[in-house]
Amino acid sequence: MHDLKWIRDNAAAFDEGLRRRGLTAAAAAILEADERLRRLQTEIQTWLTRRNEASRRIGALKGQGAEAEALKAEVGDLKERIRLAEGEIATLGDDIESQLATIPNLPLGDVPEGPDESANVELRRVGQPRAFDFKPQSHDAIGKALGLMDFEAASQISGARFVVLKGALARLERALAAFMLDLHTGEFGYTEVSPPILVRDQALYGTGQLPKFAEDLFRTRDDYWLIPTAEVPLTNLARERILDDTALPLRLTALTPCFRSEAGAAGRDTRGMIRQHQFYKVELVSITTPEQSADEHERMTACAETVLKRLGLPYRVMLLSTGDMGFAAAKTYDIEVWLPAENTYREISSCSNCGDFQARRMKARTRPLGSRQQTRFVHPLNGSGLAVGRTLVAVIENYQEADGAIAVPEPLRPYLGGLARIEP
């Protein structure tokens, strides 16, 4: 959510931020409604003062005589004016909030401008893609040949974009998730959380998925929503709270299933595990002060990168352009892992600094050290640390062997009872 007072004082900068996002100017329409609302509020105060004066005068006249009758008529007229004005104020307030609720966060100044992913900027590459002495197979071909990845059974149970993993691949997926959680909690100081995966409207509104992106979500009959990411419940742990600066940054992590309708993905990644309706992800969330958030963004991204470094998976880091960022983000780094079968890099993590955008929607604040009264909005950040299914895809493809086996990366072997190879 945007700060209406800031828009009043910085209308041109607000519209410029929207222009960089590829959107039309919106300040004039918002401020016109805001000006009308504030004018009505002033008029109501004037009418209330006059009504109270007239009521006192009626009392002094003991409600008798022509003057008293005239004052009674005036009071009745003022009450009706106030009633109508209060109704218009409520309508204007709802209209302003509705406009603000569908406007994305403004990009930070160092975010490259562009319409889509074509304007993203590559910051670094880490690791050298493996040179195969045979033609590398796709993860789904390998998984099917092993008899451990079954899309047909999943389709019969649930439809398209689901998978059944069996045996060693199911265990490898579990090992990846445990490895990530142990790394983030043991070395990077994140607190593990087991949050709800069913949430109410206000939780998704707070993180920016609602109202604009309802079609991307799954909803139950009794008005719960299945989470698209653990960002939603983790970030909402700060909802309507006032935290002390000394308690920040608050770093949280969770492994949860995630559910996405993939409404806009028709025809994209229809094969394999890249784009599923249900998948596991280890999420990272930080709640910081405004002064900490830029450094925390770099730290969070480095934490996610460390997973890939430990697993020996080549990757690159991209700074997303204004046209490719998510709704709530002010700045986003994407980490893309190398997939040999596609001969390209694919996103495996997005790490975003949201500034105070989500905090305003959730009313999440912090109190500076030494202050009893003053508060300010926190800065939430979120990132994948990592998407477990896509990491599994990357391990299968990068560690495949000529005979169809999969070598298990060294850091994962303790989680698999010492297993070094998943063999046909």
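Just above sits the structure.
In short, a report on the structure. (Residues numbered from 1 in each chain as written. Predicted model: local features only at pLDDT ≥ 70, side-chain atom pairs only at ≥ 80, totals over all residues. Heavy atoms only, no water.)

1. Re the packing of aromatic side chains
Phase 1: Applying the stated criterion across every chain yields a total of five aromatic pairs.
Phase 2: Their ring planes at 80 degrees and their centres at 5.3 Å tell us that phenylalanine 132 and phenylalanine 134 sit as a pair that is edge-to-face.
Phase 3: Summarising the aromatic geometry, the rings of phenylalanine 213 and phenylalanine 327 are spaced 5.4 Å apart at their centres and angled 75 degrees between planes, so their arrangement reads as edge-to-face. One end of the pair, phenylalanine 213, is in the loop between α8 (201-207) and β6 (218-219); the other, phenylalanine 327, is in the loop between β11 (315-319) and β12 (331-339), and 114 residues separate them in sequence.
Phase 4: Taking relative accessible area as the criterion, phenylalanine 327 reaches 10% and is therefore assigned buried.
Phase 5: An aromatic cluster of at least three residues, connected via ring pairs, comprises Phe213, Phe327 and Phe357.
Phase 6: The cationic tip of arginine 200 hangs over the ring face of tyrosine 224; the distance from NZ or CZ to the ring centre is 3.8 Å.
Phase 7: A cation over a ring is seen here: arginine 361 above tyrosine 205, with NZ or CZ 4.2 Å from the ring centre. (Phe/Tyr/Trp six-rings, centres within 6.5 Å; stacked < 30°, edge-to-face > 60°. Helix = DSSP H or I, 4+ residues; strand = E, 2+ residues; numbered from the N terminus. Buried < 20%, exposed > 50% of the residue type's maximum accessible area, 1.4 Å probe, protein only. Lys NZ or Arg CZ within 6 Å of the ring centre and 35° of its normal.)

2. Digging into the pairing of strand β9 (residues 250-259)
Phase 1: β9 sits mainly inside the fold: seven of its ten residues count as buried.
Phase 2: Across two bridges, the pairing between strand β4 (residues 191-192) and β9 is parallel. Its bridge partner lying in β9, glutamate 192 is registered against threonine 253.
Phase 3: By the bridge criterion, ten bridges tie β9 to strand β10 (residues 278-288) in an arrangement that is antiparallel. Across the sheet, the residue bridging to leucine 252 is valine 285, located in β10. (Pairing = 2+ DSSP bridges.)

3. Here we look at helix α5 (residues 139-146)
Phase 1: If you check which residues of α5 are buried, you get His139, Asp140, Ile142, Gly143 and Leu146. Projected down its long axis, α5 shows its buried positions confined to an angular sector of 160 degrees, all on one face.
Phase 2: A positive backbone phi angle near 75 degrees is found at glycine 147, which sits one or two residues after α5. (Arc of directions from axis to C-beta.)

4. Side note on the pattern of salt bridges
Phase 1: In the structure shown here, the tally under the stated rule is 37 salt bridges.
Phase 2: For the salt bridge of arginine 81 with aspartate 77, the shortest nitrogen-to-oxygen distance reads 3.0 Å. With arginine 81 and aspartate 77 both in helix α4 (residues 65-101), this residue pair falls four residues apart, about one helical turn.
Phase 3: For arginine 81, a relative accessible area of 40% gives the class partly exposed.
Phase 4: Accessibility expressed as a relative area gives 37% for aspartate 77, which makes it partly exposed.
Phase 5: The salt bridge involving arginine 413 is made with glutamate 410; its shortest N-O contact spans 3.1 Å.
Phase 6: Judged by its relative accessible area of 21%, arginine 413 is partly exposed. (Salt bridge = Lys/Arg side-chain N within 4 Å of Asp/Glu carboxyl O.)

5. Thoughts on the nonpolar core
Phase 1: In terms of nonpolar packing, the biggest core is built from 50 residues, with Leu169, Leu172, Leu176, Leu308 and Ile422 touching the most fellow members.
Phase 2: Isoleucine 422 has contacts with Leu146, Leu148, Ala168, Leu169, Leu172, Ala405, Ile406 and Val408, leaving out every residue within four places of it along the chain.
Phase 3: Grouped together as the second largest cluster of nonpolar side chains are 25 residues, Leu4, Ile7, Ile30 and Ile103 included. (Core = buried A, V, L, I, M, F, W, Y, C linked by side-chain atoms within 4.5 Å. Contact = heavy atoms within 4.5 Å.)

6. Some remarks on the packing of helix α2 (residues 11-20) against helix α3 (residues 27-60)
Phase 1: Viewed as axis vectors pointing N to C, α2 and α3 meet at an angle of 140 degrees, and their least axial separation amounts to 9 Å. Here α3 runs oblique to α2, going by the angle between their axes. Contacts between α2 and α3 involve Ala11, Phe14 and Asp15 on the former and, on the latter, Ala27, Ile30 and Leu31.
Phase 2: Grouping the constituent residues of the contact of α2 with α3 by class yields five nonpolar, no polar and one charged. (Axes fitted to C-alpha atoms, helices over the stretch in contact; angles between N-to-C directions. Parallel < 35°, antiparallel > 145°, perpendicular 65-115°, else oblique. Nonpolar A, V, L, I, M, F, W, Y, C, P; charged D, E, K, R; others polar.)

7. Quick word on α2
Phase 1: Residues of α2 that are buried: Phe14, Gly17, Leu18 and Arg20. Along the long axis of α2, the arc covered by the buried residues comes to 160 degrees, so they all point the same way.
Phase 2: Packed against the buried residues of α2 are α1 (4-9) and α3.
Phase 3: Looking one or two residues past α2, glycine 22 carries a phi angle of roughly 85 degrees, positive in sign.

8. Side note on the state of the cysteines
Phase 1: Enumeration over the complete set of coordinates arrives at zero disulfides.
Phase 2: A disulfide-free cysteine, cysteine 354 has its sulfur positioned 11 Å from the sulfur of cysteine 351, the nearest such atom.
Phase 3: Looking at cysteine 354, the relative accessible area reads 1%, which means it is buried. (Disulfide = S-S within 2.5 Å.)

9. Describing the environment of tyrosine 205
Phase 1: Position of tyrosine 205 among the secondary structure elements: in helix α8.
Phase 2: Taking the C-alpha atoms as reference points, tyrosine 205 and alanine 101, 104 residues apart in sequence, are found 8.5 Å from one another.
Phase 3: Ignoring sequence-local partners within four residues, the contact set of tyrosine 205 consists of Met1, Glu97, Ala101, Leu210, Pro211 and Arg361.

Such coordinate-based values are descriptive only and should not be taken to indicate function.
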